[in-house]
Amino acid sequence: KRLRRLNLENNDLTGALVPEVQGRRRLSNDDNFSLGIGNLTSLRQLDLSNNDLDGVLPDLFPPGIVRLALNNNLFSGGLPQSMLQLEDLVELYLHWNSLTGSIPNEISGLTNLRILALSYNRLYGAIPDAMGELTGLEVARLDNNFGINGTMPASIRQLTKLKVLNAVGTNVVGNFSDTICSLSTEEGGNLRRLMATCEDPDDNDPFGNFNGLSCDPEWEVCCSCCQCTSRYVNQPPAYQINLCYPFGEGDAFTDDETWPPFDDFIVETPEPMS
């Protein structure tokens, strides 16, 4: 119970997470792994990424955890209520799983969250207004959840610390101008990367800048303060996509800087408190 950091990434672990276990548990003969994370009441950092863990996420997590990395596994089901009540949580990595359901309004309970990585799951529904209550959020990765739809909520403009917003591979549409432009660096905000499927560059503009004149917000993303450029995504599955990003940062958008999916999250993980 005094364990504060646990890193078991890249261990080919199989099995499920459970809320609690009674007594001592070991790896079984078939290498199934059972970790009662609810027993680890002092845990501050947990990394179980890049394994083959499956099942639904347990509805019990150590209350003081600050970094939770469960990405690149086989987890299914929705986001449990206990996870959405972790007030100390700073980094949440759930990308590359098979999670389903919508993003619940209770996500506003993650009051200290700075990184939210939900990419490459099977989430659906609209982005909730409650996202705007995550005022410390710096990175939001919602990409490649094809069931996420609707428009970008106006509450996003409250995320003044937001640096990266990725909605590529979703069905989010609408005019982002009112919500996004106020967050751009030109307006004194911190947003450096907005990635979303958007209108093709205007053929009449020699610089390929998006001017919003031909954009239909019912079918695509429109952003008056953004550039829209066509890029070839050289990661499986390879595909061509149009991206928009705020003006003022065009020089920084090289292929190398844009496309490594999760190795440039910008945020430093806090050390466990004594």
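Residues numbered from 1 in each chain as written. Predicted model: local features only at pLDDT ≥ 70, side-chain atom pairs only at ≥ 80, totals over all residues. Heavy atoms only, no water.

Trainee: Can you lay out the overall build of the protein for me, pointing to particular residues and giving the numbers?
Mentor: Broken down by element type, the protein carries two helices and 19 strands. Across the 274 residues in the protein, those meeting the buried criterion constitute 52%. Of all intrachain contacts in the protein linking residues separated by at least 6 positions in sequence, the fraction that spans at least 24 positions is 53%. Accessible surface computed for the protein: about 13100 Å², of which carbon and sulfur atoms make up 45%. (Helix = DSSP H or I, 4+ residues; strand = E, 2+ residues; numbered from the N terminus. Buried < 20%, exposed > 50% of the residue type's maximum accessible area, 1.4 Å probe, protein only. Contact = heavy atoms within 4.5 Å. Areas by Shrake-Rupley, 256 points an atom, 1.4 Å probe, with all protein chains shown as cover.)

Trainee: An account of the sheet that holds strand 8 (residues 91-93) is needed here, citing residue identities and associated values.
Mentor: A sheet is described by the order of its strands in space; here eight strands give the open sequence 1-4-6-8-10-12-14-16, paired in parallel fashion. Of all the strands in the sheet, just strand 1 (5-7) and strand 16 (193-195) have a single pairing partner and so form its edges. Adjacent strand axes in the sheet meet at a mean angle of 5 degrees, parallel and antiparallel pairs treated alike. Note: strand 1 against strand 4 (residues 45-47), three bridges, orientation parallel. The residue bridging Arg5 from the neighbouring strand is Gln45, located in strand 4. (Pairing = 2+ DSSP bridges. Axes fitted to C-alpha atoms, helices over the stretch in contact; angles between N-to-C directions.)

Trainee: Please give an account of the confidence of the model for the protein that cites residues and values.
Mentor: Looking at the protein as a whole, the pLDDT averages 76, with 68% of positions reaching at least 70. Contacts for the low-pLDDT stretch residues 247-274, under 50 throughout, to residues beyond four places or in other chains number 67 contacts. (pLDDT = per-residue confidence, 0-100.)

Trainee: Quick rundown of the pattern of salt bridges? Include the residues and the values.
Mentor: Going through the model one piece at a time under the given rule, you end up with six salt bridges. Here Glu138 ties to Arg114 by a salt bridge, and the two come within 3.2 Å at their closest N and O atoms. Here Glu138, found in the loop between strand 11 (122-126) and strand 12 (139-141), pairs with Arg114, found in the loop between strand 9 (98-101) and strand 10 (115-117); they are 24 residues apart in sequence, far enough to count as distant. The exposure class assigned to Glu138 is buried, which follows from its relative accessible area of 9%. (Salt bridge = Lys/Arg side-chain N within 4 Å of Asp/Glu carboxyl O.)

Trainee: How would you summarise the side chain of Thr179 if you had to cite specific residues and measurements?
Mentor: With respect to the helices and strands, the residue Thr179 is situated in helix 1 (residues 177-180). At 3.1 Å, the side chain of Thr179 and the backbone oxygen of Phe176 are in polar contact. Ignoring any residue separated from it by four or fewer positions in sequence, one finds Thr179 in contact with Met152, Pro153, Ala154 and Arg157. (Polar contact = N/O pair within 3.5 Å; in protein donor to acceptor, adjacent residues only side chain to side chain.)

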